[in-house]
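This is what each chain is made of:
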Amino acid sequence: MKKCNEIMTKNPVCCLPNDNVAKAAELMKSGNIGSIPVVENEQTKKLVGIVTDRDLALKIIAEGRDAKSTKVETVMTHKVVTCHADDELQKALDAMTEHQLRRIPVVDNDNRIVGIIAQADVATRADQPEKTAEMVKEISQANGK
């Protein structure tokens, strides 16, 4: 079984808690990504949250809030499910399935962001089509996030 660091996208684009939501949306658009880890600051890279395209749709657009004046910290998920680079990939897949996550940040022992694993990473790098299909099915159940 592969390790998380073999599958993850290294050095993901991050944003800061005080960034406005419009900046996070622009980063998602330019990077063609659906989530952005939120770090304490550029120096420490300590993970403090994650903001997703779904957060933006439900908490900004649906509520009629202004993306330029709303800070990322007000819409991000604060308690982030993570894995470590040297974890077995199965551990990350199990966590993604259990919590119905489409992506999981990878951190070091000091909770600094080192990568992120998305469903697409598993599909294209894990060489396990059956596991990928099952994971997507379980994550996408109707009561998903």
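Residues numbered from 1 in each chain as written. Predicted model: local features only at pLDDT ≥ 70, side-chain atom pairs only at ≥ 80, totals over all residues. Heavy atoms only, no water.

**Q** Before we go on, may I ask you to explain the environment of Arg65 in this structure?
**A** Its place among the elements puts Arg65 in the loop between helix 3 (53–61) and strand 4 (83–84). With near-sequence residues (within four places) excluded, Arg65 lies in contact with Lys59, Ile60, Thr70, Thr74 and Val75. (Helix = DSSP H or I, 4+ residues; strand = E, 2+ residues; numbered from the N terminus. Contact = heavy atoms within 4.5 Å.)

**Q** Please clarify how helix 2 (residues 21–31) should be interpreted in this entry.
**A** The periodicity of an α-helix, 3.6 residues per turn, causes residues three or four places apart in sequence to face the same way. Among all positions of helix 2, only Val21, Ala22, Ala24 and Met28 are buried. For helix 2, the arc enclosing every buried residue in end-on projection is 160°, short of the 170-degree limit, so these residues lie on one face. The distance from a side-chain oxygen at the start of helix 2 to the backbone nitrogen of Ala22 is 3.2 Å, and the residue carrying that oxygen is Asn20. (Buried < 20%, exposed > 50% of the residue type's maximum accessible area, 1.4 Å probe, protein only. Arc of directions from axis to C-beta. Polar contact = N/O pair within 3.5 Å; in protein donor to acceptor, adjacent residues only side chain to side chain.)

**Q** When you look at the sheet that holds strand 1 (residues 9–10) in this model, what are you seeing that I'm missing?
**A** Strand pairs in the sheet, formed through backbone hydrogen bonds, run parallel or antiparallel to each other. A sheet is described by the order of its strands in space; here 4 strands give the open sequence 1-6-5-4, paired in mixed fashion. The outermost strands of the open sheet, each flanked by one partner alone, are strand 1 and strand 4. (Pairing = 2+ DSSP bridges.)

**Q** Looking at this structure, how should I read the packing of helix 2 against helix 3?
**A** A pair of packed helices is characterised by two quantities: the angle between their axes and the separation of those axes. Two numbers describe how helix 2 lies on helix 3: the axes approach to 10 Å, and their chain directions differ by 140°. With respect to helix 3, the element helix 2 is oriented oblique. The hand of the helix 2/helix 3 crossing is left-handed. Two secondary-structure elements touch here, helix 2 through Val21, Ala25 and Met28 and helix 3 through Asp53, Leu56 and Ile60. (Axes fitted to C-alpha atoms, helices over the stretch in contact; angles between N-to-C directions. Parallel < 35°, antiparallel > 145°, perpendicular 65-115°, else oblique. Left-handed = near helix turned anticlockwise from the far one by under 90°.)

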